[in-house]
Amino acid sequence: MSEDVRKSEDEQVEAASEESVAPEKGKRVDKATAFKFAGLVAFLVIMAIIVVVAWPYIADVFSEGGVDRLVERVQNAGPAGVLILLGMQFLQIVVAFIPGEVVQLAAGLMYGPWLGALIVLVGCVISSSIIYKMVHALGAPFVQGMVSTEHLAKFHSFEEQGKLDVVVFILFLIPAMPKDVFTYLVPLTDMNYKKFIVITTVGRIPGVLASTYAAAGFASGDFVGPAVVIAIVAVIAVVAIVFREKIMEALGRGYER
């Protein structure tokens, strides 16, 4: 009888210990969920504040002569004009409703093809770094509401084929591809931070240089060279827009062999 009592007491102790552990595990899960939710809320609040502060500039860009007024404001801001362009580039990538060409053209008009491209690319690195860290901290649920699950599946397919690096570089190299969307998708793969920044930044260089070169050329009165560059980029962009899905499928088929 005493042995049964001891067994009963032991079982009660084990049950009590399991109950004491379970809430702790539950608390850890709750804390992780709360952290991700708080991070998402903080991100949205910061984005809202930035958009409200920058809205006079953003709204003006979409009106007639908006680019010229943006350039004038940047010129009047002096050295702070670089910060204005970096802020616009940040919003262009993170919020993704500002045409990237607007910022690139303004940078080319203001600072020439090389320095203008450098400023834009620095903005790309800063913005992409923030997105990468944010996606890694908040996980897939943070991204799923903003991107296509079909695109995400394709990126995982590229990863399984072992050619994710090459595909990402090609996609960032082609004009008119949704690079801002891809910036949110790639961090969900196993690509590490350094490789992500190098590949996406190098892939952007030709397009950025084309825009800043064209803008600087027009500003200096050289119309032939910039016009040819714009025509080439425009043709590639139209093809990319029309055949975007087919390009994605072709990249997948090309690396299944």
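Asker: It is not clear to me how the packing of aromatic side chains should be interpreted in this structure. Could you clarify?
Answerer: One pair of aromatic rings is described through two measures. These are the centre distance and the angle between the planes. On inspection of all chains with the given rule, the structure shows five aromatic pairs. When the centroid spacing of 6.4 Å and the interplanar angle of 55 degrees are considered together, the rings of Phe172 and Phe182 count as tilted. One end of the pair, Phe172, is in helix α7 (residues 164-173); the other, Phe182, is in helix α8 (residues 179-185), and ten residues separate them in sequence. For the pair Phe172 and Phe182, a shared accessibility class is recorded, and that class is buried. The residue whose ring lies beneath Lys133 is Tyr193, and the NZ or CZ to ring-centre distance is 4.3 Å.

Asker: Just to check I follow, could you spell out a nonpolar patch on the surface for this structure?
Answerer: Among the surface-exposed residues, Val235, Val238, Val239, Ile241, Val242 and Phe243 lie close enough to one another that they form a single nonpolar patch of about 540 Å² accessible area. Its place among the elements puts Phe243 in the loop between α10 (224-242) and α11 (244-254).

Asker: Can you walk me through the packing of helix α9 (residues 193-220) against α10 in this structure?
Answerer: Helix packing geometry: the angle between the two helix axes and the distance between the axes. It is at 8 Å that the axes of α9 and α10 come closest, and there the two elements cross at 150 degrees. In terms of orientation, α9 and α10 fall into the roughly antiparallel class. Read as a crossing pair, α9 and α10 show a hand that is left-handed. Contacts from Ala210, Tyr213, Ala214, Gly217 and Phe218 of α9 reach α10 at Gly225, Pro226, Ala227, Val229, Ile230 and Val233.

Asker: I keep staring at the pattern of salt bridges and nothing clicks. Help me out?
Answerer: Where charged atoms from two side chains of opposite charge come close, those side chains can pair. What the rule picks out here adds up to one salt bridge. The salt bridge partner of Asp165 is Lys195, with a shortest N-O separation of 3.2 Å. Placement of the pair is Asp165 in helix α7 and Lys195 in helix α9, with a sequence separation of 30 residues.

Asker: I'm lost on α7 in this one. Help?
Answerer: For the α-helix, the turn length of 3.6 residues means that residues three or four positions removed from each other point alike. Considered for burial, the residues of α7 that qualify are Leu164, Val167, Val168, Leu171 and Phe172. Projected down its long axis, α7 shows its buried positions confined to an angular sector of 130 degrees, all on one face.

Asker: Which parts of the structure should I look at to understand the nonpolar core?
Answerer: General note: in soluble globular proteins, nonpolar side chains tend to be found buried as a group. One finds Phe155, Val168, Leu171, Phe182 and Tyr184 to be the most contacted residues of the largest nonpolar core, which totals 49 residues. The element best represented in this core is helix α4 (residues 100-138), accounting for 13 residues. Apart from residues no more than four positions distant in its own chain, Phe182 is found in contact with Phe155, Leu171, Phe172, Met177, Pro187 and Met248.

Asker: Teacher, can you tell me more about the layout of surface pockets here?
Answerer: Empty space left among the atoms is revealed by rolling a probe the size of a water molecule over them. Computed from the structure, the largest pocket encloses a volume of approximately 760 Å³. Looking at the largest pocket, it is lined by 32 residues, and the ones nearest its centre are Glu101, Gln104, Pro175, Ala176 and Lys179. Counting residues per element, the ones that place at least two in the lining of the largest pocket are α3 (80-94), α4, α7, α8, α9 and α10. Here the lining of the largest pocket takes eight residues from α9, the largest share from any one element. Residues belonging to the lining of the largest pocket are distributed by class as follows: 20 nonpolar, seven polar and five charged.

Asker: Is there a simple way to think about the side chain of Thr200 in this case?
Answerer: The residue Thr200 is located in helix α9 in this model. Classification of Thr200 as buried rests on a relative accessible area of 1%. Polar side-chain contacts of Thr200 include one of 3.4 Å to the backbone oxygen of Ile197. Setting aside anything within four residues of it in sequence, one finds Thr200 in contact with Val168 and Phe172.

Asker: Sorry if this is basic, but what is going on with the side chain of Ser129 here?
Answerer: Take Ser129: it is sitting in helix α4. Separated by 2.7 Å, the side chains of Ser129 and Tyr193 make a polar contact. When sequence neighbours within four positions are dropped, the list of residues in contact with Ser129 reads Tyr193 and Ile197.

Asker: Which parts of the structure should I look at to understand the packing of helix α6 (residues 149-160) against α7?
Answerer: Remark: α6 packs on α7, axes separated minimally by 7 Å, with the N-to-C direction vectors making an angle of 135 degrees. Classed by the angle they form, the pair α6 and α7 counts as oblique. Where α6 abuts α7, its residues Phe155, Phe158 and Glu159 lie against Leu164, Val167, Val168 and Leu171. Tallied by class, the residues present in the contact of α6 with α7 amount to six nonpolar, no polar and one charged.

The rules behind each value
Residues numbered from 1 in each chain as written. Predicted model: local features only at pLDDT ≥ 70, side-chain atom pairs only at ≥ 80, totals over all residues. Heavy atoms only, no water. Phe/Tyr/Trp six-rings, centres within 6.5 Å; stacked < 30°, edge-to-face > 60°. Helix = DSSP H or I, 4+ residues; strand = E, 2+ residues; numbered from the N terminus. Buried < 20%, exposed > 50% of the residue type's maximum accessible area, 1.4 Å probe, protein only. Lys NZ or Arg CZ within 6 Å of the ring centre and 35° of its normal. Patch = residues over 30% accessible without salt bridge, like charges linked within 9 Å, V, L, I, M, F, W, Y side chains within 5 Å. Areas by Shrake-Rupley, 256 points an atom, 1.4 Å probe, with all protein chains shown as cover. Salt bridge = Lys/Arg side-chain N within 4 Å of Asp/Glu carboxyl O. Axes fitted to C-alpha atoms, helices over the stretch in contact; angles between N-to-C directions. Parallel < 35°, antiparallel > 145°, perpendicular 65-115°, else oblique. Left-handed = near helix turned anticlockwise from the far one by under 90°. Contact = heavy atoms within 4.5 Å. Arc of directions from axis to C-beta. Core = buried A, V, L, I, M, F, W, Y, C linked by side-chain atoms within 4.5 Å. 1 Å grid on protein atoms, 1.4 Å probe; cavity = no way out; pocket = protein on both sides within 12 Å on 5 of 7 lines; lining within 4 Å. Points joined across faces, edges and corners; volume = space filled by probe spheres on them. Nonpolar A, V, L, I, M, F, W, Y, C, P; charged D, E, K, R; others polar. Polar contact = N/O pair within 3.5 Å; in protein donor to acceptor, adjacent residues only side chain to side chain.

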